[in-house]
Amino acid sequence: MYQGLATGQGVGITTACEDPVAAIKFLDYICSDEGQVLVNWGIEGTNYEIDENGHRYRTEEEIKKESEDKNYKKTTGVGFHNYPFPNYGTGVTDSTGSTFSTDSKESIIAEYNEEQQAACKAWGVELLVDIFPQPSE
């Protein structure tokens, strides 16, 4: 079931933190829609673009950079700081219908192997996670 914003093993601020207010502000920002887009997608015009429907997408060139550069996440920050920091799960969408992560329904389905495709077809679902209880249930 959808549990909201995933926080991994938990998030805490120790008593040794020099500025707990700043730490809370940072966590608040990371949990915001803007923060989630920055952490997962990067900078508009640099790491991703917006299509005519207002949805984020990565160019083939950017996808290639990520797949060929083992330090891509570290040098760009895209996807580097999303764990163990709070983050929305794969497939969660914002108010524009764009996913917060760079994984979309289409990209996940495209990576299904033959057995996974057969299972989806047999169960009458698009995604394997569709067999689990949905948020409305």
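For every chain, the first residue of its written sequence is number 1, and the numbers climb from 1 along that sequence. Under the rules for a predicted model, residues below a pLDDT of 70 receive no local features and side-chain atom pairs below 80 are neither given nor counted, while totals for whole chains, interfaces and linings still include all residues. Only heavy atoms go into the side-chain values, all of them from the structure, while hydrogens and water stay out.

Just to check I follow, could you spell out the overall build of the chain for this structure?
When its secondary structure is counted, the chain shows 6 helices and 2 strands. Numbered from the N terminus, helices here are DSSP runs of H or I no shorter than four residues, and strands are runs of E no shorter than two. When the helices and strands of the chain are placed in sequence order, the string is α-α-β-β-α-α-α-α. Along the first, second and third principal axes, the C-alpha set of the chain runs to 55 × 40 × 30 Å. Residues classed as buried in the chain amount to 24% of the 137 residues present. Throughout, a contact is declared for two residues whenever any of their heavy atoms are within 4.5 Å. Taking the intrachain contacts of the chain between residues at least 6 apart in sequence as the baseline, contacts between residues at least 24 apart amount to 46%. Using a 1.4 Å probe, accessible areas were evaluated by the Shrake-Rupley method; residue-level cover was limited to the displayed protein chains. Surface accessibility of the chain: about 9,600 Å² in total, with carbon and sulfur atoms responsible for 53%. Two residue types count as positive, namely Lys and Arg, and two as negative, namely Asp and Glu; His and chain ends fall outside the count. Charge coordinates come from a single atom per side chain, which is NZ of Lys, CZ of Arg, CG of Asp or CD of Glu. Of the charged side chains in the chain, 10 are positive and 24 negative; the average position of the first set lies 6 Å away from that of the second. Between buried and exposed lies partly exposed: a residue is buried under 20% and exposed over 50% of the maximum accessible area for its type, with that area taken using a 1.4 Å probe on protein chains only.

I would appreciate a short explanation of the nonpolar core in the present structure.
A general trend in soluble globular proteins is that nonpolar side chains are found buried together. Residue types Ala, Val, Leu, Ile, Met, Phe, Trp, Tyr and Cys, when buried and joined through side-chain atoms within 4.5 Å, form a set referred to as a nonpolar core. Counting 6 residues, the largest nonpolar core is built from V37, W41, Y48, Y88, V92 and F100. Other than its neighbours up to four places away in sequence, V37 contacts G42, Y48, R56 and F100.

Would you take a moment to explain the state of the cysteines for this structure?
Cysteine pairs can be covalently joined through their sulfur atoms, and such a bond is termed a disulfide. Any pair of cysteine sulfurs within 2.5 Å is marked as a disulfide. Across all of its chains, the model carries 0 disulfides by this definition. Cysteine C17 remains unbridged, with the sulfur of C31 as its closest cysteine sulfur at 16 Å. Residue C17 is classed as partly exposed on the basis of its relative accessible area, which comes to 27%.

How should the pattern of salt bridges be read in this particular structure?
Side chains that differ in sign of charge can pair as their charged atoms come close. Should a side-chain nitrogen of Lys or Arg be within 4 Å of a carboxyl oxygen of Asp or Glu, the pair is scored as a salt bridge. In the structure shown here, the tally under the stated rule is 5 salt bridges. Taking the shortest distance from any N to any O, the salt bridge between E66 and R58 comes out at 2.5 Å. Looking at E66, the relative accessible area reads 26%, which means it is partly exposed. E126 is the salt-bridge partner of K105, the closest N and O atoms lying 2.9 Å from each other. Taken together, the residues span a long stretch of sequence, with K105 in helix α5 (residues 105-110) and E126 in the segment after α6 (114-123) at a distance of 21 residues. With relative accessibility at 34%, the residue K105 sits in the partly exposed group. Owing to a relative accessible area of 46%, E126 belongs among the partly exposed residues under this scheme.

Would you mind showing me how to read the packing of aromatic side chains here?
Aromatic pairs are defined between Phe, Tyr and Trp rings, using the six-membered ring for Trp, whenever the two ring centres lie within 6.5 Å; interplanar angles under 30 degrees are classed as stacked, those over 60 as edge-to-face, and all others as tilted. Throughout the structure, instances matching the rule amount to 1 aromatic pair. Considering the side-chain rings of W41 and Y48, the 5.8 Å spacing of their centres and the 65° angle between planes classify their relative orientation as edge-to-face. Across the pair, Y48 and W41 agree in class, each one buried.

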